[in-house]
Amino acid sequence: MLTPSPSATRRALPSVDRLLRDAAVAPLLERYGRTLVLDALRAELDAARAAHEAVGAADLAARCTARLDALMQPSQRRVFNLTGTVLHTNLGRAPLPPEVVAAEAAALREATNL
């Protein structure tokens, strides 16, 4: 079985412009915006070129979805500070009482002065 040449594989890849107009990419544009989707598409096309893969628009859209979902995951997470509460670091912030959290949530629902 003959494998396609790298140049033939590159030619088989869809253009960025065609991908941006593809129905499989439309939900990504709506959800993440053009700039992030464009960056993800370019990165996935670069990866496909480097691997000499001929990938279609639907597969590229799926790869971009995975890339963007991973990118948009919140970076903050709960940790255990077993050294005690250290107020001068971001790791050990003192826990807020429930009343303060409720007051902050109420204030954040509307415009307030700082």
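Residues numbered from 1 in each chain as written. Predicted model: local features only at pLDDT ≥ 70, side-chain atom pairs only at ≥ 80, totals over all residues. Heavy atoms only, no water.

Undergrad: In this structure, what is going on with the environment of Val37? I would like to understand it.
TA: Tracing the sequence through the fold places Val37 in helix 4 (residues 34-50). Distance from Val37 to Val25, taken between C-alpha atoms, is 8.3 Å for residues 12 residues apart in sequence. Beyond its immediate stretch of four places on either side in the chain, Val37 contacts Leu20, Val25, Leu28, Leu29, Tyr32 and Leu68. (Helix = DSSP H or I, 4+ residues; strand = E, 2+ residues; numbered from the N terminus. Contact = heavy atoms within 4.5 Å.)

Undergrad: Is there a simple way to think about the environment of Asp39 in this case?
TA: Residue placement: Asp39 occurs in helix 4. The sequence separation of Asp39 and Cys64 amounts to 25 residues, and the corresponding C-alpha distance is 9.3 Å.

Undergrad: Looking at this structure, I do not really get unusual backbone geometry. What am I missing?
TA: With glycine set apart, most residues show a phi of negative sign, and most peptide bonds adopt trans. Phi at His52 is positive, roughly 55°, even though this residue is not glycine. Inspection of the secondary structure puts His52 in the loop between helix 4 and helix 5 (57-71). A relative accessible area of 43% places His52 in the partly exposed class. (Buried < 20%, exposed > 50% of the residue type's maximum accessible area, 1.4 Å probe, protein only.)

Undergrad: Quick question: what am I supposed to make of a nonpolar patch on the surface here?
TA: Among the surface-exposed residues, Leu96, Val100 and Val101 lie close enough to one another that they form a single nonpolar patch of about 230 Å² accessible area. On the secondary structure map, Val101 appears in helix 6 (residues 98-108). Residue class for Val101 comes out partly exposed when judged on its relative accessible area of 42%. (Patch = residues over 30% accessible without salt bridge, like charges linked within 9 Å, V, L, I, M, F, W, Y side chains within 5 Å. Areas by Shrake-Rupley, 256 points an atom, 1.4 Å probe, with all protein chains shown as cover. Salt bridge = Lys/Arg side-chain N within 4 Å of Asp/Glu carboxyl O.)

Undergrad: Help me out: how do you make sense of the nonpolar core in this one?
TA: Looking at soluble globular proteins, one finds that nonpolar side chains tend to be buried together. Leu19, Leu28, Val37, Leu41 and Leu68 are the most contacted members of the largest nonpolar core, which totals 18 residues. For this core, the secondary-structure elements that each account for two or more residues are helix 2 (16-21), helix 3 (26-32), helix 4 and helix 5. Here this core takes six residues from helix 4, the largest share from any one element. Each residue touching Leu41, except ones within four places of it in the same chain, is listed here: Leu19, Leu20, Val25 and Cys64. (Core = buried A, V, L, I, M, F, W, Y, C linked by side-chain atoms within 4.5 Å.)

Undergrad: Is there a simple way to think about helix 4 in this case?
TA: An ideal rise of 1.5 Å per residue puts 24 Å on 17 residues; helix 4 measures up with 24 Å between its terminal C-alpha atoms. Taken together, the buried positions of helix 4 are occupied by Val37, Leu38, Ala40, Leu41, Glu44, Leu45 and Ala48. Taken end-on, helix 4 shows its buried residues confined to a sector of 165°, consistent with a single buried face. Summarising the geometry of helix 4, the exposed residues directed more than 90 degrees from the buried face are Thr35 and Ala50. Those residues of helix 4 hidden inside the fold are in contact with helix 2, helix 3 and helix 5. Positive phi appears at His52, one or two residues downstream of helix 4, with a value of about 55°. (Expected span 1.5 Å × (residues − 1). Arc of directions from axis to C-beta.)

Undergrad: Where do I start with the side chain of Glu44 in this structure?
TA: Inspection of the secondary structure assignment puts Glu44 in helix 4. Among the polar contacts made by the side chain of Glu44, one reaches the side chain of Arg67 at a distance of 2.8 Å. (Polar contact = N/O pair within 3.5 Å; in protein donor to acceptor, adjacent residues only side chain to side chain.)

Undergrad: Honestly, helix 5 in this entry has me stumped. Any pointers?
TA: The periodicity of an α-helix, 3.6 residues per turn, causes residues three or four places apart in sequence to face the same way. Under the 1.5 Å per step criterion, the end-to-end length of helix 5 is 20 Å for 15 residues, consistent within 8% with the ideal 21 Å. Among all positions of helix 5, only Ala57, Leu60, Ala61, Cys64 and Leu68 are buried. Viewed along the axis of helix 5, the buried residues span an arc of 100°, placing them on a single side of the element. Residues of helix 5 that are exposed and point more than 90 degrees away from the buried face comprise Ala58 and Ala70. Of the surrounding elements, those touching the buried residues of helix 5 are helix 2, helix 3 and helix 4.

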